[in-house]
Structures are given as structure tokens and as C-alpha cells.
Amino acid sequence: MKQFEKTLILIYRRLPKWPVNFSAYRAEQTTFPACFESCIAVFCDPREWLKTNPLYLVVEKEPDVRAIFGCHPHFADHMDAAAFDMLNNLLERPNAVGLGEIGLDYSHKNNVDHDIQKMVFRAQLALAKKRIEPICLHVREADEDAFQVLEEVLN
Ligand SMILES: [Zn+2]
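Residues numbered from 1 in each chain as written. Predicted model: local features only at pLDDT ≥ 70, side-chain atom pairs only at ≥ 80, totals over all residues.

*Asks:* I'd like to hear about the sheet that holds strand S3 (residues 96-105), residue by residue, with values.
*Replies:* Pairing within the open sheet is parallel, and its four strands lie in the order S1-S2-S3-S4. At either margin of the open sheet sits one strand with a lone partner, and together these are strand S1 (39-43) and strand S4 (135-140). Taken pair by pair, the neighbouring strands of this sheet meet at an average axis angle of 30 degrees, ignoring direction. Here S1 runs beside strand S2 (residues 65-69); their pairing, made up of five bridges, is parallel. Its bridge partner being in S2, Ala-41 is matched across the sheet by Ala-67. Here helix H6 (residues 114-131) sits on the sheet in contact with S3 and S4, set at roughly 155 degrees to S3. (Pairing = 2+ DSSP bridges. Helix = DSSP H or I, 4+ residues; strand = E, 2+ residues; numbered from the N terminus. Axes fitted to C-alpha atoms, helices over the stretch in contact; angles between N-to-C directions. Contact = placed C-beta atoms within 7 Å.)

Shown next, in the form of C-alpha cells:
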């Protein structure tokens, strides 16, 4: 899903008149797969939510694209009280279908402190539980801790 989000963002940003209509773009592309029915775009960087022209507003006009919102473990240190409020509001958007990607990433690609990651993961799981939202997990090299947090919050 993360890959598709990036792809979709790249498609939008490379077009001369961004934001452009994704449906029209699809129709013009001879290489766009005919089997495409719908997809989910992932908005998991809190800094993206606050931009002047956030992509989620463009994407929600597309009939075949749904969205999930959450804070990816790579960006856990950007999650504060205001971002949590924003996330709660984003989950009310008409095309929002869940919370993600959320989780823990202890790989060398992520420098965010493990305790901060766990705190943000825990808080988002609690939010998902309260709202009865589906979740999309990102867990890398952190299986044991992720299971522990999942059990702790969801049980
Ligand atoms: Zn991921």
C-alpha cells in the first residue's frame, strides 16, 4: 500500500497541471491496467496532512480511491496532540476507510526512538479500537514488541 501511495503521489506531482483528475489520467494512459477497479491511498505522514494543498483532498474527489490515515513508525516523532486531533478529524473524511500504516519499525531504516514508536502505536491502536476502525500495520524487525502492544491495547 505504501508503494501505491508513493506511486499515486508521483503520478500527481509529475503532471503539468497538478492537481489533475486521476480518472482522466487513467483514461489517457494506454499502459494503465484495464483490470483496475479501486485502490486505497495511504496518508501516513502527519506533516503531509497540514500542507496547504494536501493530496488527500484531491484524492477524495476520485470515485475509485479510498484513503487510510495514520502515523507511520518512521514519523512517530512528528506525532503530537495537534496531530492526533487532526488524525481523528481525518478519519471522518468521506473516503476514509481505516487507520494506517501504523506499527513499529526497528530496522536500520528508522531512527525514531523505540519508546516513542510504541507510545504512538499504542495511542493509534486505542483510537482505532474506540472508533472500531480497520487498521493497516507496518511492522519491521519488531514482531515481539508489536504483538505485545497489540495484546495490551486490543484485549
Ligand atoms: Zn509499510
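*Asks:* I'd love a proper account of the nonpolar core, names of residues and values included.
*Replies:* By size, the foremost hydrophobic cluster in this structure holds 24 residues, and its most contacted members are Phe-43, Ala-67, Phe-69, Cys-71 and Phe-121. Going through the elements one at a time, S1, helix H4 (55-59), S2, helix H5 (81-90), S3, H6 and helix H7 (143-154) are the ones with two or more residues in this core. For this core, the element with the highest residue contribution is H6, accounting for four residues. Setting aside anything within four residues of it in sequence, one finds Phe-69 in contact with Phe-43, Leu-87, Leu-90, Leu-91, Ala-96 and Leu-99. (Core = buried A, V, L, I, M, F, W, Y, C linked by C-beta atoms within 7 Å. Buried ≥ 20, exposed ≤ 12 C-beta atoms within 10 Å, placed from the backbone.)

Bear in mind that shape data such as this cannot, by itself, settle questions of function.
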